[in-house]
Amino acid sequence: MSTTTDSTPQTHSMGHSMKRKEDPRFIRGHGKYLDDFTLPGMVWMSLVHSPYPHARIVKIDKTAALAVPGVIAVLTGEDLAAHNLAWVPTFHGYDKQMVLAVGKVLYQYQEVAGVIATSREIAQDAAELVDVEYEPLDPVTNPFQSREDKIILRDDRENKTNHIYHWEVGKREETDAALAASDVTIKERIVFQRCHPAPLEPCGILADMSPNTGRLTLYLTSQAPHAHRTVVSLVTGIPEDKIHIISPDIGGGFGNKVPVYPGYVVSAAASVVLGVPVKWVETRTENLTTTGFARDYHMDVEIGASKDGRVTALKVATAADHGAFDAAADPTKYPAGLFGIVTGSYDFPTAFTELDAYFTNKAPGGVAYRCSFRVTEASFAIERGMELLARKLNMDPSELRLKNFVRKDQFPYPSPLGFVYDSGDYHLTLRKALDLIGYDDLRKEQAEKRKRGELMGIGISTFTEAVGAGPSKHFDIMGIKMFDSAEIRVHPTGSAILRAGTKSQGQGHETTWAQIAAEELGLDPQNIMVEEGDTDTAPYGLGTYASRSTPVAGAAIAMASRKIREKARKIAAHLLEAPLDDVEWTNYKFQVKGQPDNALTMQQIAFAAYTNPAPDSEPGLEATFYYDPPNLTFPYGAYIAVVDVDRETGAVKVRRFLAIDDCGTVINPMIVEGQIHGGLTEGFAIAFMQEIAYDEQGNNLNTNFTDYLVPTSLETPHWETSSTYTPSPHHPIGAKGVGESPNVGSPAAFVNAVMDALSPLGVTHIDMPLTREKVWRACRQATTA
Amino acid sequence: MKVSVTVNGTKYEREVEPRTLLAYFLREALGLTGTHVGCDTSSCGVCVVVLDGERAVKSCTMLAVMADGHQITTVEGLVQGGALHPLQQAFWDQHGLQCGFCTPGMLMTSSILLKQNPNPSEAEIREGLSGNLCRCTGYQNIVKAVQQAAGAMQPQPAEPVAS
Amino acid sequence: MFPAPFDYHRPDTLDEALSLLGQYGGDARVLAGGQSLIPAMRFRLARPAVLVDINALGDLAYLRETDGVLAIGALARDAALESSSLIESSYPLLFDTGAVIADPVVRQTGTVVGSLCHNDPSGDWGVTALACRAQIVVRGKGGTRTVPIDDFLVDSFTTAVGQGEMAIEVRFPSPKPRTSGAYQKIERKVGDFATSCAAAQVTLGDDGTVAEIGIAIGAAGPTAVRVAGAESALRGSKPSKDAIRAAADAARALADPVADTRGSVEFKKDMAGVLVSRALLAAFERLGVGGLK
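Residues numbered from 1 in each chain as written. Chains lettered and ligands numbered in written order. Predicted model: local features only at pLDDT ≥ 70, side-chain atom pairs only at ≥ 80, totals over all residues. Heavy atoms only, no water.

Asker: What should I look at first to understand the interface of chain C and chain A in this one?
Answerer: Many analyses report the size of an interface as the accessible area lost when the parts associate. On the side of chain A, 26 residues touch chain C, which itself brings 23 residues to the contact. Contact between chain C and chain A buries roughly 2200 Å² in total, counting both sides, with carbon and sulfur atoms accounting for 52%. Put simply, chain C and chain A have 10 salt bridges between them. The salt bridge partner of Arg188(C) is Asp707(A), with a shortest N-O separation of 3.9 Å. Where chain C meets chain A, there are 14 residue pairs in polar contact (both at pLDDT 80 or more). Top element by residues in the side of chain C that touches chain A is helix α11 (residues 265-286) of chain C. It accounts for six residues. Of the residues belonging to the side of chain C that touches chain A, the class tally is nine nonpolar, three polar and 11 charged. (Contact = heavy atoms within 4.5 Å. Buried area = accessible area lost by both parts, 1.4 Å probe. Salt bridge = Lys/Arg side-chain N within 4 Å of Asp/Glu carboxyl O. Polar contact = N/O pair within 3.5 Å; in protein donor to acceptor, adjacent residues only side chain to side chain. Helix = DSSP H or I, 4+ residues; strand = E, 2+ residues; numbered from the N terminus. Nonpolar A, V, L, I, M, F, W, Y, C, P; charged D, E, K, R; others polar.)

In structure tokens form, the structure reads like this:
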């Protein structure tokens, strides 16, 4: 039977700045975050932390703590060891991490004991009374001291060395030879300081071992609930079907909610042993001092070039500070993540990079804070390096870039460090940025100001990043391949439910995933319910971080939708009484070729799937797709910062910041713009005010929001944004992902701008954060020189 | 100690310790979990509520006992008669939230900001919100949201009187 | 993080409050805004056995000019100064200061008098009070006394308020004609403790010379401090570039800051000088005297 119908509302949703479907609960204060959950009989866990960065544990006296009314238990590393839970594997797979310290402590604030009590306050009161006797040892506080191996930190490892691993890629001899033969070279030690993602919601868990079901339910601040479920199963021996992880609304992740933290294990173990729900929510101090830090790379960057500015070679050697345990959540074959993207947007004839990682007496981690697996570090290195090269060549930094960019016709571009960049038009995007910012006029203004001794700077960053991990050939986390998944079920009356293996922490998947499916299926995105985060119902996925969701799960959604559409086409053929080959999907309808009036909507098909299914196929209308991406995706951008420096106080004012991003297909421009604003603000914070610093005695100097600085609305500049459009040729909807681009690209733009401002003073490089004092000092040294 | 607090128009009487912080009282004793806790140095503002309709306060830096006899408005109290407050509508319209964790505090601080300054400039909004942190939005759309709400909350011009 | 347990009282009258403070002595702390005390208690750096909450003493929430004095009561909130047209028009130094205390939410609850009594080395109100030569009114069982600000700020977190006493008011002299002032503060972000701060209050005589001057710096020693050397560099002569430079140098020499994540001793000392210079320039600018940069 054929019918004609009016087009359904809002079917064409890709590219629309649709208002977010998740917002109604958040604006009403009805979001359900981890700490909003309570269960009957729930008790609280509070941790005891080490004041020493490196010490033997002589003894732990629980007596006073246990005597506090309301205290149920005090757990130490020894107690956990009895259940084989003293150590857990880190996501990296190369290492393991103490849950509660056994034998010694390895960083200040390391978790030493857990107190379980009937209220938060009592748990904290009792935690103060746990009496730990330490024998302090000398600390190791930087990777260069560590590599001397004078103080060996990890007694538990077979090789008694602080050196964790060596990694390299590229052609060492060829690169060395090319550098030696170059007309001009630059070499600089560029440090990307340790910082911390600090989402506003701290990490936490509500663990509930139910004697009724024999199942362990974990409400968990998790960016990757399925991966966490598998790890919990492997570590505890509890079968995966008996573990239920619910990742609820998450108040920001930024990589902070990827690792498995001691607080989770202690709480889960306590719940299993005690048979009651146990809740742990960390304090901000615990968040900053113990959870996954970011960066801490010391990079020696060398670039060679001909005298007319054509690059010849790139060499980067890095010392990586991993803290006390290698808990960097990297894919197995990539201990330094995707650092190989360090050739950036440029066509280097040859390149080589190597990295040595070391233990130190600091908190464990490394891969976090919107880093795309170390792409932030790599991008910073190359964009600072190119800036230094431009200065040495006395060449305009935009000219140097345009001269050395990979050209549009070179894509797909095999980089000398092993990536195949999918697509890009770097010249177009940079030219658009230069045009929009009024680059030539700014340089004229700068020249005028320099005559008067005023310090104004312009900084460019043209980054290419690698995201969307990743193809099963190369990528796995603890052996699990990095596919992602979508399951879509269309209901009889033409709406749908979509579940994915990703987990939004503010990126808006409830809206964007609905938009993808709506576009593919001709349904209203308002009527596609999106669910993530419940391991009982969502298909297995590797979660949301490293900007992988749109490239991988977004693709899975498109592919699952297309499977549905293919089945729907068969139903359409059956209903329209036409041969299958004559039925096509046109204008969001199934129509007989050449007969637009002989068409059916997906709504009609859906109803028929349940009421009048095709004779040779199952009733219902649903599909699942596990997407194994054929390649990473390579979003890129051109950022330009304009700054004015007050040389008396070292204060830097960011006068303008323009970000042009190219992430291929954009699902929801409003959401993408919001991601850019947020990431630029994080890059701004990193460039100017953020650091997790340790002094020489191993004391953490930035333990709360008084000392670890998050910019407010007053310091944060106004962001100007625009885009270009270079779709990914291998992605089903041409999308590349974009969440981390602004944090990848912006720090170098800020630093390049300040260095540009200070260049008349002969200053070439200052490490971040560019505090007032550092800038002031640079200005003074120059004037007194 | 016993406290008697009116929250969002409803009077509650509960037993608390003097050291119970208002934020936890609201969340746990009263089940109003819209007010959040994000730091331990009164820096982040995700806990902001309104006291006696006139003061934005960081509820993590106030004792529940201090609220005895007073009125507190939390984010749950913004909806009036089932209708979204113009600020809530504006945050939604302008994409002024992503993870939503800072949103209740932003809404409550903004409500007092607009009460004291019904037509703020962008600079005044940025200044007025500088006690509330956000990690997701970079503040730009939050500013737009407050501007939209300010416009929506202006008293409408009076109808001309027929002569 | 939760405070250690304590007992709590909320008296209805000032006499009751003083009686409680007398009764508990050193075990009791006054709770006004609590914006410094409660965070300290949450970190258990402060563990008072007793809190005397004075927020019911609504009569103390005044901000009024009488008899040549601006009187600010113990419960006047920082924000009251920001929103006062009297302060904006006649007390520019106070207006500047009120705008940079902590953050705009904390200011709605924090009090001026409470801040002075807390006497954090990086606090703003102590600096401004010194520049203005303010006085603090202290009441106890024995009666009421008025303490000049220079005697009031004793040491870090220590003031002249004795056991059983409470500061109930701070008095700023109402400005004579041709008086203005300015506050300068460097903070890494809103809400941070000051990296450096300075206040200048100036009265010009009919002949254009500096008749009265108050200059103070903060975050530069155990407590906010008057830069007497800077004052004498300017007092009695017409404002000049050299005099301002000398004042700034006097501030640099006197500043005794602690090195921390905000800066080294060297940096902070220099900033003390820069901010004294800028505060003076701004104050003179407001009095119509320019060309001094």
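Now that the structure has been shown, we can carry on.
Asker: Quick question: what am I supposed to make of the environment of Met14(A) here?
Answerer: All names here are of chain A. Within the element layout of this structure, Met14 appears in the segment before α1 (23-27). The exposure class assigned to Met14 is buried, which follows from its relative accessible area of 14%. Here the alpha-carbon distance between Met14 and Thr512, two residues 498 residues apart in the chain, equals 8.5 Å. With near-sequence residues (within four places) excluded, Met14 lies in contact with Gln515, Ile516, Glu519, Thr665, Val666, Ile667 and Ile733. (Buried < 20%, exposed > 50% of the residue type's maximum accessible area, 1.4 Å probe, protein only.)

Asker: Any chance you could explain the interface of chain A and chain B here in plain terms?
Answerer: With 56 residues of chain A in contact, the opposing surface of chain B contributes 47 residues. Of the roughly 4300 Å² buried at the junction of chain A and chain B (both faces included), carbon and sulfur atoms supply 54%. The tally of links between chain A and chain B comes to five salt bridges. Measuring nitrogen to oxygen at the nearest pair gives 2.8 Å for the salt bridge that ties Asp36(A) to Arg27(B). If you list the elements that add at least two residues to the side of chain A that touches chain B, you get α1, α4 (120-129), α9 (284-290) and α17 (669-688) of chain A. With nine residues, the top contributor of residues to the side of chain A that touches chain B is α17(A). Of the residues that constitute the side of chain A that touches chain B, the class distribution is 21 nonpolar, 21 polar and 14 charged.

Asker: Honestly, the packing of aromatic side chains in this entry has me stumped. Any pointers?
Answerer: Think of a pair of aromatic rings as described by two things: how far the centres are apart, and how the planes are tilted against each other in angle. All names here are of chain A. All told, the structure shown has 35 aromatic pairs over all chains when counted by the stated rule. With 6.2 Å between their ring centres and 65° between their planes, Trp719 and Phe750 make a pair best called edge-to-face. Of this pair, Trp719 sits in the loop between α17 and β34 (720-723) while Phe750 is found in helix α18 (residues 741-758), placing the two residues 31 residues apart along the sequence. With relative accessibility at 0%, the residue Phe750 sits in the buried group. Following the ring pairs from residue to residue traces out a cluster consisting of Phe463, Tyr639, Phe657, Phe684, Phe688, Trp719 and Phe750. Positioned above the aromatic ring of Phe26 is the side chain of Arg25, whose terminal nitrogen or guanidinium carbon lies 4.6 Å from the ring centre. One Lys or Arg, Arg295, reaches over the ring of Phe192 and ends 5.0 Å from the middle of that ring. (Phe/Tyr/Trp six-rings, centres within 6.5 Å; stacked < 30°, edge-to-face > 60°. Lys NZ or Arg CZ within 6 Å of the ring centre and 35° of its normal.)

Asker: Help me understand the sheet that holds strand β17 (residues 311-321) of chain A, please; the structure alone is not making it clear to me.
Answerer: Sheets are built from strands that pair by backbone hydrogen bonding, the pairs being arranged parallel or antiparallel. All names here are of chain A. Read across the open sheet, the five strands follow the order β9-β18-β17-β16-β10; overall the sheet is mixed. Across the chains shown, the open sheet's two edge strands, defined by having one partner strand only, are β9 (163-170) and β10 (184-192). For this sheet, the mean angle separating the axes of adjacent strands, direction not counted, is 10°. (Pairing = 2+ DSSP bridges. Axes fitted to C-alpha atoms, helices over the stretch in contact; angles between N-to-C directions.)

Asker: For this particular structure, what's the right way to read the pattern of salt bridges?
Answerer: Between side chains of opposite charge, a pair can form as their charged atoms come close. Enumeration according to the criterion identifies 93 salt bridges over all chains in this entry. As a salt-bridge pair, Glu487(A) and Arg489(A) come within 3.9 Å of each other at their nearest N and O atoms. Here Arg780(A) makes a salt bridge to Glu266(C), at a shortest N to O gap of 3.7 Å. Placement of the pair is Arg780(A) in helix α19 (residues 772-784) and Glu266(C) in helix α11, with the two residues belonging to separate chains. The class for Glu266(C) is partly exposed, based on a relative accessible area of 41%. Several salt bridges converge on common partners, so that one network encompasses Glu383(A), Glu387(A), Arg391(A), Asp396(A), Arg401(A), Arg443(A), Arg450(A) and Asp756(A).

Asker: Is there a simple way to explain the pairing of strand β13 (residues 210-218) of chain C in this structure?
Answerer: All names here are of chain C. Burial within β13 is extensive, with seven of its nine residues counted as buried. Where strand β12 (residues 196-204) lies against β13, eight bridges are found, and the strand directions are antiparallel. Across the sheet, Thr203 pairs through a bridge with Glu212, a residue of β13. Hairpin connection of β12 to β13: five residues between the antiparallel strands, including Gly208 at a positive phi of 85°. Across two bridges, β13 lies against strand β14 (residues 225-226) in antiparallel orientation. When the sheet's bridge partners are listed, Ala216 is paired in β14 with Arg226. Linking β13 to β14, which pair antiparallel, is a turn of six residues; within it Ala219 sits at a positive phi near 55°.

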